[in-house]
Amino acid sequence: MLRLFVALALPASLRAEIAGLAGGIPGARWVPPENYHLTLRFIGEIEPWRAQEVDDALAAIRARPFTLQLAGVGTFEKAGRIQSLWVGAERNDALTHLQTKVETALQRVGLAPERKRFSPHVTLARTDRAAPEKLMAFVQAYNLFRATPVEVEHFTLFSSRLGKEASVYTPEVDYDLVARVAA
Ligand code: ATP
Ligand code: MG
């Protein structure tokens, strides 16, 4: 079985910018900067033959390159606990469009629909063991954060190996976004 997800990889310069926000919250488990990514679709554990179908379906997607603007920070909560701290992505029709195409392609090869609404973000830290006041202060402090915009020219199928410390993500396949369909 392979644990897979579809995401935007981030250039090193952008990862370094985001890493500049990290730190200063006791109990937070910060994501290592090499792991920063923006998930388009979590797939989970699948069999190799199905992974092949997923790859074929993703390879057939036609979508355009776009500019990604990361801005602002926020949290996800579950049962009254703040689970994670993230940097957000500005609303962007091209990004939404790409995510929809990925979702449609994966449903076509038989994956169960994602129920959660797409909420583009880059996870900075797991925070279930951090003090809520510290997290709130962090959000306030960095609410106006804006990263340098970057051009997104491909999306990526990653495999994930869960580890005791951080997970190890491996880019398996890059899928190019193309500015215009060939005549
Ligand atoms: P860990 O689960 O040990 O904290 P991780 O979350 O870094 O590790 P994965 O669980 O393999 O690694 O997740 C890979 C990516 O998919 C991450 O961006 C994660 O937030 C996202 N993801 C994982 N599970 C789901 C899910 N059920 N729904 C939506 N996104 C998910
Ligand atoms: Mg996880």
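Q: Just give me the short version of the packing of aromatic side chains, but keep the residues and values in it.
A: The tally for this structure, following the rule as stated, stands at six aromatic pairs. Summarising the aromatic geometry, the rings of Phe76 and Trp86 are spaced 5.2 Å apart at their centres and angled 45 degrees between planes, so their arrangement reads as tilted. Residue Phe76 is located in strand E5 (residues 70–78), and its partner Trp86 is located in strand E6 (residues 81–89); the two are separated by ten residues in the primary sequence. Under the relative-accessibility criterion, Trp86 is labelled buried at 15%. Counting every residue linked through ring pairs, the aromatic cluster contains Phe5, Phe158 and Tyr169.

Q: Just give me the short version of the pattern of salt bridges, but keep the residues and values in it.
A: For the structure on display, the rule yields five salt bridges. The shortest N-O distance in the salt bridge between Glu45 and Arg3 comes to 3.5 Å. Placement of the pair is Glu45 in strand E3 (residues 37–46) and Arg3 in strand E1 (residues 2–9), with a sequence separation of 42 residues. Assessed through its relative accessible area of 42%, Glu45 is described here as partly exposed. For Asp128, the salt bridge is made with Arg29, and the minimal N-O distance between the two is 2.5 Å. Note that Asp128 is positioned in the loop between strand E7 (121–126) and helix H4 (132–142) and Arg29 in strand E2 (residues 29–30), a separation of 99 residues in sequence. On the basis of relative accessibility, which here comes to 23%, the residue Asp128 falls in the partly exposed class. Residue Arg29 is classed as partly exposed on the basis of its relative accessible area, which comes to 35%.

Q: Explain the site of ligand 1 residue by residue, including any values.
A: Inspection of the region around ligand 1 gives Arg3, Phe5, His37, Thr39, Phe42, Lys116, Arg126, Ser160, Leu162, Ser167 and Tyr169 as its neighbouring residues. One of the side-chain nitrogen or oxygen atoms of Ser167 is found 2.8 Å away from an oxygen atom of ligand 1. Side-chain polar atom of Tyr169 to an oxygen atom of ligand 1: 2.3 Å apart, as the coordinates give it. Coverage of ligand 1 by the protein chains reaches 67% of its 600 Å² of free accessible surface. Secondary structure elements with two or more residues in the shell around ligand 1: E1 and E3. It is E3 that provides the largest number of residues to the shell around ligand 1, a total of three residues. When its residues are assigned to classes, the shell around ligand 1 shows four nonpolar, four polar and three charged.

Q: Account for H4, naming residues and giving values.
A: Along H4, the residues classified as buried are Leu135, Phe138 and Val139. Across the axial projection of H4, the buried residues extend over an arc of 95 degrees, all falling on one side. Turned more than 90 degrees from where H4 packs its buried face, Glu133, Gln140 and Ala141 sit exposed. Against E2, E5, E6 and E7 lie the buried residues of H4.

Q: Give me the sheet that holds strand E10 (residues 168–176): which residues, what numbers.
A: Spatially, four strands are ordered E3-E1-E9-E10 in an open sheet, and the strand pairing comes out antiparallel. The strands lining the two open edges of the sheet, one partner per strand, are E3 and E10. Looking at each pair of strands side by side, their axes are set apart by 25 degrees on average, direction ignored. With eight bridges connecting them, strand E9 (residues 154–161) and E10 associate as antiparallel partners. Bridging across to E10, Phe155 finds its partner in Tyr175. Those strands touched by helix H2 (residues 48–59) are E1, E3, E9 and E10, and its axis lies near 150 degrees from that of E3. Against the sheet, helix H3 (residues 93–108) engages E1, E3 and E9, with an angle of about 10 degrees to E3.

Basis of the calculations
In this numbering scheme, every chain counts its residues from 1 along its sequence in written order. Chains and ligands are labelled by the order in which they are written, letters from A for the one and numbers from 1 for the other. In keeping with the model being predicted, local features are shown solely for residues with a pLDDT of at least 70 and side-chain atom pairs are shown and tallied solely at 80 or more, while totals for entire chains, interfaces and linings include all residues. In computing side-chain properties, one takes all heavy atoms of the structure into account and sets aside hydrogens as well as water. Each Phe, Tyr or Trp ring, with Trp reduced to its six-membered ring, pairs with another whose centre is within 6.5 Å; inter-plane angles below 30 degrees give stacked pairs, above 60 give edge-to-face pairs, and intermediate values give tilted ones. Under the scheme used here, helices are H or I runs from DSSP no shorter than 4 residues and strands are E runs no shorter than 2 residues, and both carry numbers assigned from the N terminus. Exposure is judged per residue with a 1.4 Å probe applied to protein chains only, and the accessible area is read against the type maximum: over 50% gives exposed, under 20% gives buried, and values in between give partly exposed. Salt bridges are defined by distance alone: a side-chain nitrogen of Lys or Arg within 4 Å of a carboxyl oxygen of Asp or Glu. Note on definitions. A residue lies near a molecule or strand when any single heavy atom of the residue is within 4 Å of it. Pairing of N or O atoms within 3.5 Å defines a polar contact, subject to two protein rules: one partner must be a possible hydrogen donor and the other a possible acceptor, and residues neighboring in sequence count only if both atoms are side-chain atoms. All accessible-area figures derive from a Shrake-Rupley calculation using a 1.4 Å probe, and residue coverage is judged against the displayed protein chains alone. Residue polarity is assigned by list, with Asp, Glu, Lys and Arg as charged and Ala, Val, Leu, Ile, Met, Phe, Trp, Tyr, Cys and Pro as nonpolar; anything else, Gly included, falls into the polar class. Picture the helix axis, draw a direction to every C-beta atom, and the arc is the one those directions span. Residue contacts are defined here by distance: any two heavy atoms, one from each residue, within 4.5 Å place the two residues in contact. Two strands pair under a simple rule: DSSP has to find at least two bridges between them. Every axis corresponds to a line fitted to the C-alpha atoms, with the helix fit spanning only the stretch in contact, and the corresponding angles, defined between N-to-C directions, vary from 0 to 180 degrees.

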